[in-house]
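# Fold and contact review
This is what each chain is made of:
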Amino acid sequence: MTDERRRLSTAEERRHTVLRTAIGAFAARGYFGTTTSEVAKAAGISQAYVYRLFPNKEALFTAVVEHCFVQVRAALEEGAAKAEGSSAEAVLRSMGDAYARLISDNDLLLVQLHAQAAAVSEPAVREAVRAGYARIVEYVRGASGGSEEQVQQFFATGMLCHLLVSIDVDGVDAPWTRTLASGIAHY
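Residues numbered from 1 in each chain as written. Predicted model: local features only at pLDDT ≥ 70, side-chain atom pairs only at ≥ 80, totals over all residues. Heavy atoms only, no water.

## Quick look at the overall build of the chain
Of the regular secondary structure elements, the chain holds nine helices and zero strands. Beginning at the N terminus, the succession of helices and strands in the chain can be written as α-α-α-α-α-α-α-α-α. Each principal axis of the C-alpha distribution contributes one length, and for the chain these read about 55 × 40 × 25 Å. Residue burial in the chain is summarised as follows: out of 187 residues, 42% are buried. Here the contacts in the chain between residues at least 6 apart in sequence split such that 65% fall between residues at least 24 apart. Of the side chains in the chain, 19 bear a positive and 22 a negative charge, and the two mean positions are spaced by 7 Å. (Helix = DSSP H or I, 4+ residues; strand = E, 2+ residues; numbered from the N terminus. Buried < 20%, exposed > 50% of the residue type's maximum accessible area, 1.4 Å probe, protein only. Contact = heavy atoms within 4.5 Å. Lys, Arg positive; Asp, Glu negative; His and termini not counted. Charge placed at Lys NZ, Arg CZ, Asp CG, Glu CD.)

Right, dumping it as structure tokens:
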């Protein structure tokens, strides 16, 4: 039994290692441009072992998407805990700041952008993105106590943050960039 537990633990550790490695691989080339052999090589394991952990690339990518949503949820929880006050505005502001810090990790941001793009044509990815957002929206609603409009604005601002970071808005000093970035913290 001890050997079996050790094997299961090792497999679970490998799975976690593959997920962490796959984030970087999928961030660099997206769902369509990344192969399981690239993920395996980056993780230091065989492609066959990747397939023992995940039945196909779609399952691997959706697991990566789910893993990213877990990280988002943890950042939002941390932000809610650090809020200076209990009003919806204070909690949402603090959660927004925590999220802005999280997506300064370009790999996480890129995986989210690639997942949204792949969701258009890949049903399993679409479902993973839907399920992730469903959980996050309900968490934000419950933790903040915000109205429908406040929660919607929170997510709209988050999507704008994605755009600002992805186009490196800080690198362009123009009226249109100042308009888009006004009042929005990004790191």
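## Here's the deal with the side chain of Ser144
Position of Ser144 among the secondary structure elements: in helix α7 (residues 123-144). Among the residues examined, Ser144 registers a relative accessible area of 6% and is labelled buried. Here Val140 takes part through its backbone oxygen, which lies 2.7 Å from a polar atom of the side chain of Ser144. When sequence neighbours within four positions are dropped, the list of residues in contact with Ser144 reads Ser87, Ala88, Val91, Leu92, Met95 and Val151. (Polar contact = N/O pair within 3.5 Å; in protein donor to acceptor, adjacent residues only side chain to side chain.)

## Digging into the nonpolar core
Residues Leu60, Val64, Leu76, Met95 and Val140 are the most contacted members of the largest nonpolar core, which totals 56 residues. Those elements that place two or more of their residues in this core are α1 (2-33), α2 (36-43), α3 (47-53), α4 (57-81), α5 (88-102), α6 (106-119), α7 and α8 (148-166). Setting aside residues up to four positions removed in sequence, Leu76 forms contacts with Met95, Tyr99, Ile136, Tyr139, Val140 and Phe154. (Core = buried A, V, L, I, M, F, W, Y, C linked by side-chain atoms within 4.5 Å.)

## Focus on the confidence of the model for the chain
Per-residue pLDDT for the chain averages 92, and the proportion of residues at 70 or more is 95%. Mean pLDDT across the elements of the chain bottoms out in α1 (81) and peaks in α7 (98). (pLDDT = per-residue confidence, 0-100.)

## Considering the pattern of salt bridges
Per the counting criterion, the structure on display carries eight salt bridges. A salt bridge links Arg130 to Glu127; its shortest N-O distance comes to 3.9 Å. Taken together, the residues Arg130 and Glu127, both in helix α7 and three residues apart, mark about one turn of the helix. Residue Arg130 is classed as exposed on the basis of its relative accessible area, which comes to 52%. (Salt bridge = Lys/Arg side-chain N within 4 Å of Asp/Glu carboxyl O.)

## Observations regarding the packing of α7 against α8
In contact at an axis separation of 10 Å, α7 and α8 are set at 125 degrees when each is read in the N-to-C sense. With respect to their mutual orientation, α7 and α8 come out oblique. By crossing handedness, the relation of α7 to α8 is classed as right-handed. Residue-level inspection shows Tyr133, Ile136, Val137, Val140, Arg141 and Ser144 of α7 in contact with α8, the latter providing Glu148, Val151, Phe154, Phe155, Met159 and His162. Class assignment for the residues of the contact of α7 with α8 results in eight nonpolar, two polar and two charged. (Axes fitted to C-alpha atoms, helices over the stretch in contact; angles between N-to-C directions. Parallel < 35°, antiparallel > 145°, perpendicular 65-115°, else oblique. Left-handed = near helix turned anticlockwise from the far one by under 90°. Nonpolar A, V, L, I, M, F, W, Y, C, P; charged D, E, K, R; others polar.)

## Section: the packing of α6 against α8
Contact geometry for α6 and α8: axes closest at 11 Å, N-to-C directions at 115 degrees. With respect to their mutual orientation, α6 and α8 come out roughly perpendicular. Here α6 runs over α8; the crossing is left-handed. For the pair formed by α6 and α8, the contact residues are Asn106, Leu109, Gln112, Leu113 and Gln116 on the first element and Met159, His162, Val165 and Ser166 on the second.

## Comments concerning a nonpolar patch on the surface
A cluster of nonpolar side chains, namely Leu163, Ile167, Val172 and Trp176, defines an oily patch on the protein surface of about 350 Å² accessible area. Leu163 gets classed as partly exposed once you look at its relative accessible area, which sits at 37%. (Patch = residues over 30% accessible without salt bridge, like charges linked within 9 Å, V, L, I, M, F, W, Y side chains within 5 Å. Areas by Shrake-Rupley, 256 points an atom, 1.4 Å probe, with all protein chains shown as cover.)

## Things to note about α5
Relative to the 21 Å expected for 15 residues at 1.5 Å per residue, α5 spans 21 Å between its end C-alpha atoms, a close match to the ideal helical length. Taken together, the buried positions of α5 are Ala88, Ala90, Val91, Leu92, Ser94, Met95, Ala98, Tyr99, Ala100 and Leu102. Check the buried side of α5 and you find it contacts α4, α6, α7 and α8. (Expected span 1.5 Å × (residues − 1).)

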